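# Structural features, examined
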Amino acid sequence: MLLELNNIYKWVQSGGQKIFLLKDINLKVEEGEFISIMGPSGSGKSTLLNIIGMLDVFNEGEYNFLDEPVHSLKEKHRSNLYKQYIGFVFQAYHLLDELTVYENLEMPLLYKKYSSSERKALVADMLDKFNIVGKQNLFPSQLSGGQQQLVGIARALISSPKLILADEPTGNLNSKQGEEIMEIFKELNKDGVTIVQVTHSEKNATYGSRTINLLDGRKI
Amino acid sequence: MIKNYFKIAFRNLWNNKLFSLIKISSLAIGLSVSFVIGLMVYYDFTFDKFHPDKDYIYRVTTEFVTPEGSFYNPGVSFPLGDALKQNSASLAAVAPFLTTYPLHIKNTVTDKTFKNPDYVIYADKGFFNVFKYRWLAGSKESALESPNQLVLSEKRAKKYFPNTNYTDIIGAHMVYNDTINMQVTGVVANFTERTDIVFEEFISLKTAHQSDMTSAVLSSNWNGTNSASQLFIKTSKNANAKNVQLALNKLAKEHKDPNEAEFGNERKFYMQPLQKMHFDTNYYTFDFDSELASKSVLISLGCVALFLLLLGSINFINLNTAQATQRAKEIGVRKTLGGSKKQLIYQFLGETFLLTTCAAIVSIVLSFWLLNIFSDYIPAGLSSELFAEPTVIIFVVLLLLAVTFLSGFYPAVVLSHFKPIAVLKNQIIATNDKTSLRKYLTVFQFIIAQVFIIATLLVGKQISFLLQKDMGFKTEAIASVRAPWFAMTPEKQQRLLTKIKAIPEVNKVSLAEYPPASFSTSATNTSYFDDTNAPVHTELQLLYGDKNYLDIYGIELLAGRKQNNDSITEYVINQTYMRMLGFKKPEDALGKIIKADGEQNPIVGVMKDFNQRSLKTAIKPLAFVGTGGANSSFKTFHISFANVNGENLPVTTKKLESAWNEVYTDEPFELVFMDNTIKRFYSQERKTALLLNWATGLAIVISCLGLLGLVVYTTERRTKEIGIRKVLGASLLELNVLLSKEFLSLVLIAFIIAAPIAYFGIDYWLQDFAHKTKLSWWIFAVSGVIMLLIAMLIMGVRTYISSTKNPIKSLRTE
Ligand SMILES: Nc1ncnc2c1ncn2[C@@H]1O[C@H](COP(=O)(O)OP(=O)(O)OP(=O)(O)O)[C@@H](O)[C@H]1O
Ligand SMILES: [Mg+2]
């Protein structure tokens, strides 16, 4: 089992009142799954994804990732964990505008202990895999949205994570570009990468092996 | 990794050109001022650090403690040297020496004459025991053993004997002042490090008995103190300096002058450590061309540098935290991709260091320029070559690191604390809590700028007040010219006097000593005994001149008369002395007798008070003595002009000069105008003013740059608001007011804090002056308005640019 959420609650205090963002979430994710999270706007999808990605904290419950109790880990240990196993893909791509495609891909490796020749090989590999060798010296502003998202995925994959978390990865793309991205996810999943995506599109959800529906912070 | 940091840092700088420019230039200004001032401090604090025995070397000097305060003389009575040589247990070396100013020196081999050689002393072996010189020819033991022996420095040897081996110079004959025949017995290398021991020619002390120093040596006794007769000692390494001082105290007591004791005066011998010589304003160094270094000036300069550097760093902090929102995305992404807080802090510090280094490069160029501008302030020996000294390089690097840390650490911490989650949620981070710090820092900047502005205006006001205040005598259209003592004969004197009188533009001429106010004074101890009251002992300044002197300077007689003839000494005293003697009416003082130097001098007149020195000092008791009873050998011609203005002044000066050249063919003609002398009284103040002008200018520039940056940032953030308001019909003025309100209130707060600080600061500075200008309220008002106008100007320009943009466009892009 890759990860397990038990009775997760998250709330914020507002005017002396607790506002629940997540209520009693239980979820098991096995390695190799492709899960889609769906639900209306404001239902807590992103919140849940961020908790899985260890970028956000929760107030109650247990979270085990590869049998490590995330809820009781120190910040440093936790960040090591997601550094090693998790890759993020964002709706707004979040490439660094000051860096070229090549440099954007290289960046996550810089925060991990790779030698420069290893980095070169890995980046070349990714450029190849996503067919963007010709774009490696361009800046993000010189790419189309779909191409930027390709780079975003490539960057998430470069240090070969076990889990890819994607928050509406196709939200800013037209349907054809969206389809291409989903195909790539499907390929990745075939290769053994676990994927959790948030999506509004029924069609995209069908690429997944399982769908979780949220409403007002509760799983239905 | 590092390469990646630098790449992104550089691209960030490039994409935000305006902000980078502001940050770099304000730091560069602060840094260049710090470099220049740092060099000055370093220069002055590294004098005479290279002598192996530097901690054991002292100059013995004399302090006279009198009821009126202490007076200092760098010299000691000549017998002290011999007395110290006798009790040599605790002294490793004793070096009495006499400073001298020969008129010329002739090389008998080449028959060439060199005028006015400087840094010449009479010394003996002891001098070379105190200071270790490298001998290029001759030896320490024998070089100054007998009369008429001469040791030259390497520099002088090269000058007098060009292209000659040092050993070949030995034995050559040199003649001082046509009469003193010397034989060169040694050549020593000049000190290459910074030193106040600047002597170049050493004449054996035994020669002094037969030269122009004869009087200084032969007539010397324990009671006379001549500043030309000085003394260095070196204590033994195991001796206690305190015991040496005790021995000196004992000698001072044994040989005290009973006459002086009667006036309550006491002489003390003071051991001035070599390490303190460079800064001790009581006693001078030997290089009269350069002004003595002043610790207090260096300290205030240091403060100026620190403030400017702080101002520059503040711009950095303010703009960096303001820019934080722009970088939030980068931070969030980096964190989700595995960047730790520490790594991010390093990254931002690295960026700051890159900027600081850019600023440092710019500022090194700027420093060369500043070194030029401040050349008045900067000792001649200080050059940009100091930049190459290892200590200085280390200092520069440390300074850069300190500045990087100071200006980079806080923003780095702020930035690195951003939560990546905020970025993922596409939230703009609210930085409201950070803006308050920015406000404090901005207020701090304005306080400094404001204090500088007020201080500049007030110091300027005080200086013009001093220059315009009536000195009590005529200062315009009066000049004086001084003949050298050796060229002066009564015959030449009269010949020149007649020639000057013949020039039509000359109104009156007087032969005299110094002008009523000057840097030179002569004084004597006087006593006045009266039947009923206690006797009045005081120091009386004396002014010498012929019958025309008082008329030329328009000094009014209140009672009595001027001196009648040249054969007896009669006093015309000033009001201050009159009051000190206890008289209310000038008439009452007439005919009273003043005792001075065993003579009885009658008061024949009372003149109006005038300032004998700058207006910093109060008026001292003074007597005009006329020719002083002797057949006058006055050397200074005082000339008052009639109908001279800017146009014919050069012609008149030319006429005077040709008259001078007919009488003194060889001597330079140096006409000194009275009003220039008065200006020179305030050279220190005018330097302060120059410094303040610069500090103010730079402080304003830096603060304005910072303000510009913040205004640009706020308007950028508020582009949408401006657009909406414009669409709704707001005028340019209203927009300006809207945007300016926030910043103007900061300026106002700064003014409220700055005004009292400036007030007390200037009040303290003014305490040195006997005559003070008023700290008028309008100065404060004007400087407040200046600051306000500058701030408004900056904001106006920016608002104008941003609000003339098409409002629809700005709405669309938001
Ligand atoms: N820090 C917070 N304070 C208060 N409420 C919050 C906070 N963060 C999120 N919320 C609320 O929690 C709810 C869930 O937010 P979340 O971003 O997870 O929704 P979502 O399902 O991703 O919506 P969308 O499909 O629009 O992206 C929303 O109603 C949001 O307003
Ligand atoms: Mg969402």
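Here the structure is a predicted model, which is why all the values come from computation and not from measurement.

Thresholds, definitions, all that
Residues numbered from 1 in each chain as written. Chains lettered and ligands numbered in written order. Predicted model: local features only at pLDDT ≥ 70, side-chain atom pairs only at ≥ 80, totals over all residues. Heavy atoms only, no water. Contact = heavy atoms within 4.5 Å. Buried area = accessible area lost by both parts, 1.4 Å probe. Salt bridge = Lys/Arg side-chain N within 4 Å of Asp/Glu carboxyl O. Polar contact = N/O pair within 3.5 Å; in protein donor to acceptor, adjacent residues only side chain to side chain. Helix = DSSP H or I, 4+ residues; strand = E, 2+ residues; numbered from the N terminus. Nonpolar A, V, L, I, M, F, W, Y, C, P; charged D, E, K, R; others polar. Buried < 20%, exposed > 50% of the residue type's maximum accessible area, 1.4 Å probe, protein only. Expected span 1.5 Å × (residues − 1). pLDDT = per-residue confidence, 0-100. Pairing = 2+ DSSP bridges. Axes fitted to C-alpha atoms, helices over the stretch in contact; angles between N-to-C directions. UniProt positions renumbered as here; feature names shortened; annotations may be inferred. Domains from an automatic or database assignment. Patch = residues over 30% accessible without salt bridge, like charges linked within 9 Å, V, L, I, M, F, W, Y side chains within 5 Å. Areas by Shrake-Rupley, 256 points an atom, 1.4 Å probe, with all protein chains shown as cover. Parallel < 35°, antiparallel > 145°, perpendicular 65-115°, else oblique. Phe/Tyr/Trp six-rings, centres within 6.5 Å; stacked < 30°, edge-to-face > 60°. Lys NZ or Arg CZ within 6 Å of the ring centre and 35° of its normal. Left-handed = near helix turned anticlockwise from the far one by under 90°. 1 Å grid on protein atoms, 1.4 Å probe; cavity = no way out; pocket = protein on both sides within 12 Å on 5 of 7 lines; lining within 4 Å. Points joined across faces, edges and corners; volume = space filled by probe spheres on them.

The next subject is the interface of chain B and chain A. With 25 residues of chain B at the contact, the number on the chain A side is 23 residues. Summed over both partners, the interface of chain B with chain A comes to about 2,300 Å²; 60% of that surface belongs to carbon and sulfur atoms. For the pair chain B and chain A, the number of links is one salt bridge. Between R11 of chain B and E103 of chain A there is a salt bridge, and its shortest N-O distance comes to 2.6 Å. Inspection of the chain B/chain A interface yields three residue pairs in polar contact (both at pLDDT 80 or more). At the level of elements, helix 1 (2-15), helix 12 (324-336), helix 13 (341-373) and helix 15 (420-424) of chain B are the ones that each hand at least two residues to the side of chain B that touches chain A. Looking at the side of chain B that touches chain A, the element that brings in the most residues is helix 1 of chain B, giving seven residues. Taken together, the residues that form the side of chain B that touches chain A break down as ten nonpolar, nine polar and six charged.

With that settled, consider helix 1 (residues 45-52) of chain A. Residues and elements named next belong to chain A. Here helix 1 lies mainly inside the structure; seven of its eight residues are buried. For helix 1, the complete set of buried residues consists of K45, T47, L48, L49, N50, I51 and I52. Count one or two residues on from helix 1 and you reach M54, which has phi positive near 65 degrees.

Our next topic: helix 5 (residues 145-157) of chain A. All names here are of chain A. Here helix 5 spans 18 Å end to end across 13 residues, near enough to the 18 Å set by a 1.5 Å rise per residue. Of all 13 residues in helix 5, eleven are buried; the element is thus mostly enclosed. Looking at helix 5, one finds that the buried residues are G146, Q148, Q149, L150, V151, G152, I153, A154, R155, A156 and L157.

Per-residue pLDDT for chain A averages 90, and the proportion of residues at 70 or more is 100%. Taking the mean pLDDT of every element in chain A, the minimum, 83, falls on helix 2 (residues 75-85) of chain A and the maximum, 95, on strand 3 (residues 34-38) of chain A.

If a residue is not glycine, its phi is most likely negative; likewise, a peptide bond is most likely trans. With phi around 50 degrees, D216 of chain A is a residue other than glycine that occupies positive phi space. Residue placement: D216 of chain A occurs in the loop between strand 9 (210-215) and strand 10 (218-219). Notably, N148 of chain B is not glycine yet its phi reads approximately 65 degrees, a positive angle. In this fold, N148 of chain B is placed in the loop between strand 7 (135-137) and strand 8 (149-153). Under the relative-accessibility criterion, N148 of chain B is labelled partly exposed at 21%.

Right, let's talk about the sheet that holds strand 24 (residues 671-673) of chain B for a bit. All names here are of chain B. Across the sheet, four strands lie side by side as 15-23-14-24; this open sheet has antiparallel pairing. Looking at which strands have only one partner, the edges of the open sheet turn out to be strand 15 (506-512) and strand 24. Averaged over all pairs of adjacent strands, the angle between their axes in this sheet comes to 25 degrees, without regard to strand direction. In this sheet, strand 23 (residues 636-641) lies alongside strand 14 (residues 478-482) in antiparallel orientation, the contact comprising five bridges. Bridge pairing links A479 to I639 in strand 23. Set on the sheet, helix 17 (residues 490-502) makes contact with strand 15 and strand 23; between it and strand 15 the angle comes to about 160 degrees.

All names here are of chain B. Residue placement: I453 occurs in helix 16 (residues 432-468). Counting along the chain gives 21 residues from I453 to K474, while the straight-line C-alpha distance between them is 34 Å. Contacts of I453, omitting those with residues within four sequence positions, involve T696, I700, S783, I786 and M787.

Moving on to the pairing of strand 4 (residues 60-65) of chain A. All names here are of chain A. For strand 1 (residues 3-14) and strand 4, the ladder comprises five bridges, and the chain directions are antiparallel. Bridge assignment links L3 to a residue of strand 4, and that residue is F65. Where strand 4 lies against strand 5 (residues 68-69), two bridges are found, and the strand directions are antiparallel. Among the inter-strand pairings, F65 is bridged to a residue of strand 5, identified as E68.

What follows is about the UniProt feature "domain: ABC transporter" (unreviewed entry) in chain A. The sites that carry the UniProt feature "domain: ABC transporter" (unreviewed entry) are, in the present numbering, residues 3-220 of chain A. The distance from the first to the last C-alpha atom of residues 3-220 of chain A is 20 Å, and the span holds 35% helix and 28% strand.

A word on the environment of F71 of chain B. Residue and element names in this part refer to chain B. Mapped onto the elements of the fold, F71 is located in strand 2 (residues 69-73). Separated by 212 residues in the primary sequence, F71 and Y283 have C-alpha atoms spaced 9.9 Å apart. Excluding its chain neighbours within four sequence positions, the residues that come into contact with F71 are T62, E63, F64, T66 and E539.

Moving on, we get to the domain arrangement of chain B. All names here are of chain B. Per the domain assignment, the segments making up chain B are domain 1 (1-47 + 302-430), domain 2 (54-276), domain 3 (433-470 + 681-814) and domain 4 (478-680). Listed per partner, the contact involves twelve residues of domain 3 and 14 residues of domain 4. Across the contact surface, domain 3 and domain 4 share zero salt bridges. Counting across the domain 3 and domain 4 interface gives three residue pairs in polar contact (both at pLDDT 80 or more). At the level of secondary structure, the elements contributing two or more residues to the side of domain 3 that touches domain 4 comprise helix 16 and helix 23 (683-717). Counting residues per element, the side of domain 3 that touches domain 4 draws most heavily on helix 23, which supplies three residues.

Residue and element names in this part refer to chain B. A cluster of nonpolar side chains, F353, I393, I394, V397, L398 and L401, forms an exposed patch at the surface whose accessible area comes to about 530 Å². Per-element tally for the nonpolar patch: the top contributor is helix 14 (residues 390-416), with five residues. The exposure class assigned to L401 is partly exposed, which follows from its relative accessible area of 43%.

Residue and element names in this part refer to chain B. Viewed as axis vectors pointing N to C, helix 22 (residues 674-681) and helix 23 meet at an angle of 60 degrees, and their least axial separation amounts to 5 Å. With respect to their mutual orientation, helix 22 and helix 23 come out oblique. Across the interface between the two elements, K679, R680 and F681 of helix 22 pack against S683, E685 and R686 of helix 23.

Attention shifts here to the packing of aromatic side chains. Residue and element names in this part refer to chain B. Evaluation of the coordinates by the stated rule reveals 44 aromatic pairs over all chains. With centroids separated by 4.7 Å and ring planes inclined at 50 degrees, the aromatic side chains of F114 and Y160 adopt a geometry described as tilted. Of this pair, F114 sits in strand 5 (residues 112-115) while Y160 sits in helix 5 (residues 154-160), and the two are 46 residues apart along the sequence. On the basis of relative accessibility, which here comes to 1%, the residue Y160 falls in the buried class. Three or more aromatic residues joined by ring pairs form one cluster here, namely F50, F97, F127, F128, F131, Y133, W135, F191, F199, F202 and F232. In this structure, K17 is placed above the aromatic ring of W14, and the distance from its NZ or CZ to the ring centre is 5.0 Å.

All names here are of chain B. Between helix 2 (residues 17-45) and helix 11 (residues 295-322), the shortest axis-to-axis distance is 9 Å and the interhelical angle comes to 160 degrees. By the angle class used here, helix 2 and helix 11 are roughly antiparallel. Between helix 2 and helix 11 lies a crossing whose hand is left-handed.

Any residue range with low pLDDT should be treated as having predicted coordinates unsuitable for detailed reading. Residues and elements named next belong to chain B. In this model, chain B carries an average pLDDT of 83, and 91% of its residues clear a pLDDT of 70 or more. Confidence, expressed as mean pLDDT per element, reaches its minimum in chain B at helix 27 (residues 807-813) with 46 and its maximum at strand 8 with 93. Below a pLDDT of 50 lies the segment residues 807-814, which in the model reaches twelve contacts outside its immediate sequence neighbourhood of four places, other chains included. With pTM at 0.74, the complex prediction returns an ipTM value of 0.82.

Moving on, we come to empty space enclosed by the protein. Residues and elements named next belong to chain B. Applying the stated criterion to the full structure yields nine cavities of 30 Å³ or more. Approximately 190 Å³ is the volume attributed to the largest cavity. For the largest cavity, the lining is made up of 18 residues, of which K23, N320, Q323, R327 and E351 are closest to its centre. Going through the elements one at a time, helix 1, helix 2, helix 11, helix 12, helix 13 and helix 14 are the ones with two or more residues in the lining of the largest cavity. Looking at side-chain class alone, the lining of the largest cavity contains eight nonpolar, seven polar and three charged residues. Within this model, the second largest cavity holds a volume of roughly 110 Å³. V33, I37, L301, F374 and L691 are, among the 14 residues lining the second largest cavity, the residues nearest its centre. Of all the secondary structure elements, the ones that give two or more residues to the lining of the second largest cavity are helix 2, helix 11 and helix 23. Residues belonging to the lining of the second largest cavity are distributed by class as follows: 14 nonpolar, no polar and no charged.

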